Amino acid sequence: MSIPFTNIKQLFIDGTWVSPSVGFEAIVNPATEEIIGEAPVGGKVEVDAAIAAARHAFDTGPWPRMSMDARIAVIRKFKAAIVSRSEEIKALLTAEVGAVYMLMQSAQFQGALDAIDYAIELAQRIAPEPSPIELKPNPFDPAGGDIFAGGVIIREPYGVVAGITPYNYPFFLNVVKSVPALLTGNTVVLKPSQFTPFSALLLGQIIEESGLPKGTFNIINGGPEVGTLLTSDPRVDLVTFTGSDKVGAAILTQSAPTLKRVYLELGGKSALIVRPDADLMKAAGTAAFSFTLHAGQGCALLTRYIVHNSIRAQFVEIVKQIVSTLKMGNPADPSVIVGPLIREAARQKTESYVEKALAGGARLVVGGKRPAEHKRGYFFEPTLFDDVDNRSAIAQEEVFGPIGVVIGYDTDEEAIALANDSRFGLSGAVMSTDRAAAYRMALRLRTGGVSINGGTGDLFVKAPFGGYKHSGIGREFGPAWLNEFMLDKSITYPLG
Ligand code: NAD
């Protein structure tokens, strides 16, 4: 059966479909290793053309100068065109990303629609802000009467935005990078991960239907070389990137000579602190769910379990039991809970961390190898380690595979110190029936978000999301989301 959108053979530049100068790359379904399509790959020629188109559309085109209402009307059409293709997009996400049914329905797909709605809501609130009227003596002309003046602060689009996305939530992040930038009047060049190009290229068909002026939104596919060209080109004003901290640091360097604004949403190694008074079933369930979700391929997943020594043995046992009930397999089967890793290289990297953990003295509780029953597909068994040293590689580095580590502690102070002893700071969690104690801990965690006893779960896209330390610079979502794509301008004038 052919997978929707995998027959797209061109890149979307300046409102037209363009054949790639570099060639084509086979894209495989990570659950079956079957080739689902040959994706077009661009290079210098396409980067140059896409930036030129976005620059021209920004400098001379109608989009930045249209009213907010007019732009919102186009983005509503964009959303309607996505909704009309819901089933095809979901089928692609299953095959291209290997996302299991529950995840594909929620964060991967519905999350994108929720993000569009929220961005529109925020765009409707953007208005010039009057500054207070000033009435005061003129220091340069004391006899000349008072200064009587006012002003207004307006927000203007930033310019040409380069959006660069990873493979793990590709459709969601392609929408999240593009829609707020577009709503605020910027023009965009989007570069998806080379592993998941169709989740971006399909947006070209949607743009055509939505009535975005040509050149406003361009989509090119390619690997690090294309990303490097995009982030070092002087015609690009702003880079919004989601991916690893290593590439994030490279992007800062690449974009420094041309002084771009750069937003980075990076990786994590987030801690779940389980206090001795925690609901143990809930804590163990959260842990088991977290390191196996999307086979561990999530930035904000809780993968480090800092568990009070009095309950650690029980916690480990319950997590082990839960994990052994999770069905692994092809996400095309909606009852599957654990899907594959994106590629063989990701599986080898996960294996290498198992070796490092064992060499470092950690105790393997469950998993640790390729599942014997899945000969095809890049599957890896959910793997839990206990007796882990927080300074070891398995506790400090982002594996991006289904591995969780348990670290024991005796005092609250020790738990906080262990949680904060990480170069990352994306998310975190505390489980305790003493909610005040949990809240006190939350205040001391150096992370962009903390959930207590599972959080409320309903702030997705409405709460600011982003990292401390190596987990990023800037925030996505939340009330200030759209400000990141605008420049403040003060206009002052005399009143009389
Ligand atoms: P990656 O950093 O390897 O690649 C991300 C993107 O950057 C890809 O499109 C890639 O082609 C591009 N790229 C690579 N080198 C580049 C360069 N020198 N210049 C410009 N672009 C370059 O990440 P990945 O493996 O695709 O995704 C996993 C990573 O993403 C994990 O670290 C994960 O934590 C992170 N992530 C973070 C968030 C978040 O919101 N904080 C969300 C999802 C994923």
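Refer to the preceding data block for the structure.
Caption draft 1: View of the site of the ligand. Taken together, 29 residues form the shell around the ligand, and within it Thr 165, Gln 194, Ser 244, Leu 266 and Glu 398 come nearest. For the ligand, a nitrogen atom lies 2.7 Å from a polar atom in the backbone of Leu 266. With respect to the ligand, the side chain of Glu 398 contributes an N or O atom lying 2.6 Å from an oxygen atom. In the complex, 89% of the free accessible area of the ligand, which totals 850 Å², lies under the protein chains. Here the shell around the ligand is composed, by residue class, of 14 nonpolar, twelve polar and three charged.

Caption draft 2: Local environment of the packing of aromatic side chains. Scanning all chains against the criterion turns up eleven aromatic pairs. Put simply, the rings of Tyr 118, Phe 172, Phe 460, Phe 477 and Trp 481 pair up and form one aromatic cluster. The side chain of Lys 356 reaches across the aromatic face of Tyr 353, ending 4.2 Å from its centre.

Caption draft 3: Focus on the nonpolar core. Counting 91 residues, the largest nonpolar core has Phe 78, Ile 82, Ile 89, Phe 171, Leu 203, Phe 217 and Trp 481 as its most contacted members. Of all the elements, helix H4 (residues 101–124) adds the most residues to this core, at 13 residues. When residues no more than four places from it in sequence are discounted, the contact partners of Ile 82 are Ile 89, Phe 109, Leu 113, Ile 116, Phe 171, Val 175 and Ile 206.

Caption draft 4: Focus on the sheet that holds strand E6 (residues 146–157). Strand order in the open sheet formed by three strands is E5-E6-E20, with antiparallel pairing between adjacent strands. A single partner strand is all that each edge strand has here, and the edge strands are strand E5 (129–137) and strand E20 (486–494). The sheet shows a mean angle of 20° between the axes of neighbouring strands, direction not considered. The pairing of E5 with E6 spans seven bridges and is classified as antiparallel. Residue pairing across strands places Ser 131 opposite Gly 151, the latter belonging to E6.

So, how was this worked out
- Residues numbered from 1 in each chain as written.
- Predicted model: local features only at pLDDT ≥ 70, side-chain atom pairs only at ≥ 80, totals over all residues.
- Heavy atoms only, no water.
- Near = heavy atom within 4 Å.
- Polar contact = N/O pair within 3.5 Å; in protein donor to acceptor, adjacent residues only side chain to side chain.
- Areas by Shrake-Rupley, 256 points an atom, 1.4 Å probe, with all protein chains shown as cover.
- Nonpolar A, V, L, I, M, F, W, Y, C, P; charged D, E, K, R; others polar.
- Phe/Tyr/Trp six-rings, centres within 6.5 Å; stacked < 30°, edge-to-face > 60°.
- Lys NZ or Arg CZ within 6 Å of the ring centre and 35° of its normal.
- Core = buried A, V, L, I, M, F, W, Y, C linked by side-chain atoms within 4.5 Å.
- Buried < 20%, exposed > 50% of the residue type's maximum accessible area, 1.4 Å probe, protein only.
- Helix = DSSP H or I, 4+ residues; strand = E, 2+ residues; numbered from the N terminus.
- Contact = heavy atoms within 4.5 Å.
- Pairing = 2+ DSSP bridges.
- Axes fitted to C-alpha atoms, helices over the stretch in contact; angles between N-to-C directions.

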